[in-house]
Amino acid sequence: MRTKRLLNRIGLWFAVLMIVSPAVLFFVWMLSLSLKYEIDNAAYPPILIPENFAWANYAAVLESNRFGTYFLNSVLVTGSATLLGLLVGVPAGYGMARMKATKSAVVVLIARMTPGLSYLIPLFLLFQWLGLMGTLLPQIIIHLVITVPIIIWIMIGYFETTPLELEEAAVIDGASRWQVFRHVALPIAKPGITVAFILAVIFSWNNFVFGIVLAGRETRTLPVAVYNMISFEQLSWGPLAAGALLVTLPVLLLTVLAQRQIVAGLTAGAVKGG
Amino acid sequence: MTSSQALEKPAAATPPASRRRAGGSLWPFVLPALIVVASVIVFPWAFTIWMSLNEWQIGGGSSFVGLANFGRLLTDLRFHDALWHTLYFTALAVILPVVLGLFSAIVFHQNFKARGFLRALFVMPMMATPVAIALVWAMMFHPQLGVLNYLLSLVGIPPQLWVFHPATVIPSLVLVETWQWTPLVMLIVLGGLAAIPTEPYESALIDGASGWQMFWHITLPLVLPFVMVAAIIRSIDAIKSFDIIYAITQGGPGTASETINLYLYSVAFAYYDIGYGSAIAVVFFLMVIGLAVLLLWLKKRVQWTEVGIGA
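This brings us to the overall build of chain B. When its secondary structure is counted, chain B shows 13 helices and two strands. The 311 residues of chain B split such that 43% are buried. Pairs at least 24 residues apart make up 68% of the contacts formed inside chain B by residues separated by at least 6 positions.

Here is the structure:
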């Protein structure tokens, strides 16, 4: 009996190893590529840990390619779209949950199903006509397509589960609807807002397709900038991998640090932007 | 605090007649989001339909042509190829993640050390920036210098051309998609497993059922609705897949991996043929909705059968 349990244990750990290793090995290899000089990256058989680390790859990315500008663009687009999304999405989630109008959330579902490109054609024409191209505004506005549905969806689910008794007590005490929301519902909903915030930030940060159409030379976000590295500036693998790693590093850190909230948010709504 | 500016204006404009309950109307809470949704989601839908009925070039004028753009789709061989690529890619990119995701969920449902941390590692591929990942996969696919052919050589498999050959490009892209999205299926199914009551297992143990029998007759039927939800979400995402394909192959070699979404991008933003691009967008959107409806119908049937078995 004891050997059988031991065998089961070994089997389980073998399965865990099989499942997790593709993810881990990929990111280890990404790191390895980014820290090798061209000679080591072209070596056969491949080298995992080089004798000399090519920190110069990171220096090259950080110094040139206007990395700072593109980083700032990404922060501004994702930051603005997420904050605006919270500003309209959190009250909307509250209103829809309390009106029991959760069926209207179907619009949110259909928005999730719609291919991102079909938003892009009409909004592209509209932004051109309004003369907004060349600024960050078009990207901030179109990223609302990602952030607003995620936030509304998660907040409806959250407000539906928060108890009504406290809110009713506040109404009896003469509080207005706004005061109830501001002082009773909102503080309770903070964990839900955190989940919505994290997921909105990640999916907005990762977005690529809106950027390739709407971004000009000065208004590129990081995913677009790193993609352009292959076509124009860089063909050597080291700096390219270093750039790719820097672009996705904030998201990876957030995933590990906030894994519990992310898992909760994704299983509740299973919403993804784009 | 921050929400006050956005809310004050609509609050004043809403008539008191819409009061539903004590404490005031709820409409002011929903109105700002409604305006945003109308302008960035509903307006583009309507405008796309209108454009699809026009001959519309960027820089040129536009003229109403009725359904001519849709007629053009019927004879556009490149569109037909793209349709076939999309179906092929979607079928594989749903089946593989669902099967592997179900298996991973069963593993992660067990108790073992550092489960939370390992789950976070497992989830990383789906959270990472797709373009950044695609660039690294492109390097790994490289026929001479890529690490994948080296790994194949270790187990005695001859080197492959991966994304550089028309016959293997779509399966190779599916490999990336599977690596990336198996975690989402796992999370959804894991949620389902957590909701299964323990009683059926207890009585099955008393009856002397084996582990495999319990999986086949208890776990699988109970978790099937969650697997279906995961499959629906996966289908909708796979059919729309863009970043990975665009960044690794741009639809190549030739047009061997050009899906409808990539063709749509080329027509609208490389050839600037807005009218025709909009027609493709409309058809594509209907395909996605159709797929979702079909799968939801299947899911209902699955649940209904279960009730049948249970009763």
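Anyway, onward from the coordinates.
What follows deals with the overall build of chain A. A tally of regular secondary structure across chain A gives 14 helices and zero strands. Written out in order from the N terminus, the α and β elements of chain A read α-α-α-α-α-α-α-α-α-α-α-α-α-α. Along the longest, intermediate and shortest principal axes, the C-alpha atoms of chain A span 75 × 75 × 30 Å. Going through the 274 residues of chain A one by one, you find that 49% of them count as buried. By sequence separation, contacts in chain A at least 24 residues apart represent 78% of the contacts at least 6 residues apart.

Before going further, it helps to examine the interface of chain B and chain A. Between chain B and chain A, the contact holds 73 residues from the first and 74 residues from the second. For the side of chain B that touches chain A, the element with the highest residue contribution is helix 2 (residues 27-52) of chain B, accounting for twelve residues. Grouping the constituent residues of the side of chain B that touches chain A by class yields 54 nonpolar, 14 polar and five charged.

Here the focus is the environment of A:I121. In this fold, A:I121 is placed in helix 6 (residues 116-130). Taking C-alpha positions, A:I121 is 9.3 Å from A:V213, a pair spaced 92 residues apart along the chain. If near-sequence neighbours (up to four positions away) are discounted, A:I121 is found in contact with B:T48, B:M51, B:A268, B:I274, B:G277, B:S278 and B:A281.

Time to look at unusual backbone geometry. Here the bond from A:Y44 into A:P45 is cis, since omega is -5 degrees, no more than 30 degrees from zero. Topologically, A:P45 is positioned in the loop between helix 2 (38-41) and helix 3 (56-63). In this model, B:G252 is joined to B:P253 through a cis peptide bond whose omega is 0 degrees. Residue placement: B:P253 occurs in the loop between helix 11 (243-248) and helix 12 (260-269). The backbone of B:W162 shows a phi angle near 50 degrees, a positive value even though the residue is not glycine. Relative to the assigned elements, B:W162 resides in the loop between helix 7 (147-154) and helix 8 (169-194). On the basis of neighbour counts, which here come to 23 C-beta atoms within 10 Å, the residue B:W162 falls in the buried class.

Compared with an ideal rise of 1.5 Å per residue, which puts 21 residues at 30 Å, helix 13 (residues 237-257) of chain A spans 29 Å between its outermost C-alpha atoms and is within 8% of the ideal. For helix 13 of chain A, the complete set of buried residues consists of A:W237, A:G238, A:P239, A:L240, A:A241, A:A242, A:G243, A:A244, A:L245, A:V247, A:T248 and A:T255.

In this model helix 10 (residues 190-206) of chain A runs 24 Å from its N-terminal to its C-terminal C-alpha over 17 residues, within 8% of the 24 Å that 1.5 Å per residue would give. Across the 17 residues of helix 10 of chain A, 13 count as buried, placing the element largely inside the fold.

What follows covers the confidence of the model for chain B. Residues and elements named next belong to chain B. Taken as a whole, chain B shows an average pLDDT of 85; of its residues, 89% reach a score of 70 or greater. The secondary structure element of chain B with the lowest average pLDDT is helix 1 (residues 4-13), at 38, and the one with the highest is helix 4 (residues 77-108), at 96. Counting interchain partners and residues more than four positions distant, the pLDDT-below-50 stretch residues 1-20 has 24 contacts. This stretch, residues 306-311, has a pLDDT under 50; its non-local contacts, to residues over four places away or in other chains, come to two contacts.

Right, let's talk about the packing of helix 8 (residues 165-172) of chain A against helix 9 (residues 177-188) of chain A for a bit. Two measures define how a pair of helices packs: the angle their axes make with one another and the distance between the axes. All names here are of chain A. The N-to-C vectors of helix 8 and helix 9 enclose an angle of 145 degrees; their axes lie 10 Å apart at closest approach. With respect to the hand of their crossing, helix 8 and helix 9 are arranged in right-handed fashion. When helix 8 is examined against helix 9, the residues L166, E167, A170 and V171 are found in contact with a partner set consisting of V180, V184 and A185.

To continue, consider the packing of helix 4 of chain B against helix 10 (residues 211-239) of chain B. Residue and element names in this part refer to chain B. The interhelical angle for the contact between helix 4 and helix 10, taken along N-to-C directions, is 145 degrees, at an axis separation of 9 Å. The way helix 4 lies across helix 10 gives a crossing that is right-handed. In this structure, helix 4 contributes T86, F89, T90, A93, V94, P97, V98, G101 and L102 to the contact, and helix 10 contributes V227, A230, A231, R234, S235, A238 and I239. Grouping the constituent residues of the contact of helix 4 with helix 10 by class yields eleven nonpolar, four polar and one charged.

Cut-off values and rules
Residues numbered from 1 in each chain as written. Chains lettered and ligands numbered in written order. Predicted model: local features only at pLDDT ≥ 70, side-chain atom pairs only at ≥ 80, totals over all residues. Helix = DSSP H or I, 4+ residues; strand = E, 2+ residues; numbered from the N terminus. Buried ≥ 20, exposed ≤ 12 C-beta atoms within 10 Å, placed from the backbone. Contact = placed C-beta atoms within 7 Å. Nonpolar A, V, L, I, M, F, W, Y, C, P; charged D, E, K, R; others polar. Expected span 1.5 Å × (residues − 1). pLDDT = per-residue confidence, 0-100. Axes fitted to C-alpha atoms, helices over the stretch in contact; angles between N-to-C directions. Left-handed = near helix turned anticlockwise from the far one by under 90°.

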